[in-house]
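Geometric and topological summary
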Amino acid sequence: MFPELFSRALVGSSGGDSCLSPVVPKTFWQQHVEALSQLLALHEEEVWAVRGDYDMIWQKHDEVRRNLDMAWWKLEKTMQMIVEGSLEVQGLWECLEQLEAQAEQQAEVQQGAAEVEGAWAEVERQCEEWLANKVALGH
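Residues numbered from 1 in each chain as written. Predicted model: local features only at pLDDT ≥ 70, side-chain atom pairs only at ≥ 80, totals over all residues. Heavy atoms only, no water.

A word on helix α2 (residues 26-137). Along its 112 residues, α2 runs 161 Å from first to last C-alpha, staying within 8% of the 166 Å computed at 1.5 Å per residue. The principal kink in α2, of about 40 degrees, is found at histidine 43. Of all the residues in α2, the buried ones are Phe28, His32 and Ala35. At the C-terminal side of α2, glycine 138 shows a positive phi close to 90 degrees. (Helix = DSSP H or I, 4+ residues; strand = E, 2+ residues; numbered from the N terminus. Expected span 1.5 Å × (residues − 1). Bend = angle between axes of the 7 residues up to and from the residue. Buried < 20%, exposed > 50% of the residue type's maximum accessible area, 1.4 Å probe, protein only.)

So this is what it looks like as structure tokens:
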């Protein structure tokens, strides 16, 4: 609508002449101002609705971003706890292995002590037997 009216208003009075008319009617501009005002009024609500949708989308975007940041923070904390827990478990396994080694050493020592006690009892028995033989022979 606008280009057609504008071109008719600017074309000279000779019809096919393409030079610009020195006078642009006041009504031409008034019609265009009214048409543009009507278009603006018609689409102003749509513009505000779109602006509201745009704002709502950004609010949701910010909310999603905050939730994502919180999820990453929780994931990092969970991973940290897992690493610390696995280090603790590893330490406990090492401690258990040391205790098992100590228990084996203690069992070996106790077995050796039992063998020494048995040998000592044998020596005492042999000494008593020797003394009994010596007494029996009168020495």
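Glancing now at the confidence of the model for the chain. On average, residues of the chain score 84 in pLDDT, and 82% of them reach the 70 mark or higher. Predicted confidence is poor over residues 9-18, with pLDDT under 50, and the contacts of this stretch with residues over four places away or in other chains come to 13 contacts. (pLDDT = per-residue confidence, 0-100. Contact = heavy atoms within 4.5 Å.)

Let us look at a nonpolar patch on the surface. Side chains of Leu68, Trp72, Leu75, Met79 and Ile82 sit close together on the surface and give an oily, nonpolar patch of about 490 Å² of accessible area. The topology assignment puts methionine 79 in helix α2. (Patch = residues over 30% accessible without salt bridge, like charges linked within 9 Å, V, L, I, M, F, W, Y side chains within 5 Å. Areas by Shrake-Rupley, 256 points an atom, 1.4 Å probe, with all protein chains shown as cover. Salt bridge = Lys/Arg side-chain N within 4 Å of Asp/Glu carboxyl O.)

With that settled, consider the packing of aromatic side chains. What the rule picks out here adds up to 2 aromatic pairs. Between phenylalanine 28 and tryptophan 29 the ring centres are 5.0 Å apart and the planes differ by 70 degrees, which places this aromatic pair in the edge-to-face class. Phenylalanine 28 sits in the buried class, given a relative accessible area of 6%. Consider the rings of tyrosine 54 and tryptophan 58, whose centres lie 6.4 Å apart with planes at 70 degrees: the pair is edge-to-face. Of this pair, tyrosine 54 and tryptophan 58 are both found in helix α2, 4 residues apart, which corresponds to roughly one turn of the helix. (Phe/Tyr/Trp six-rings, centres within 6.5 Å; stacked < 30°, edge-to-face > 60°.)

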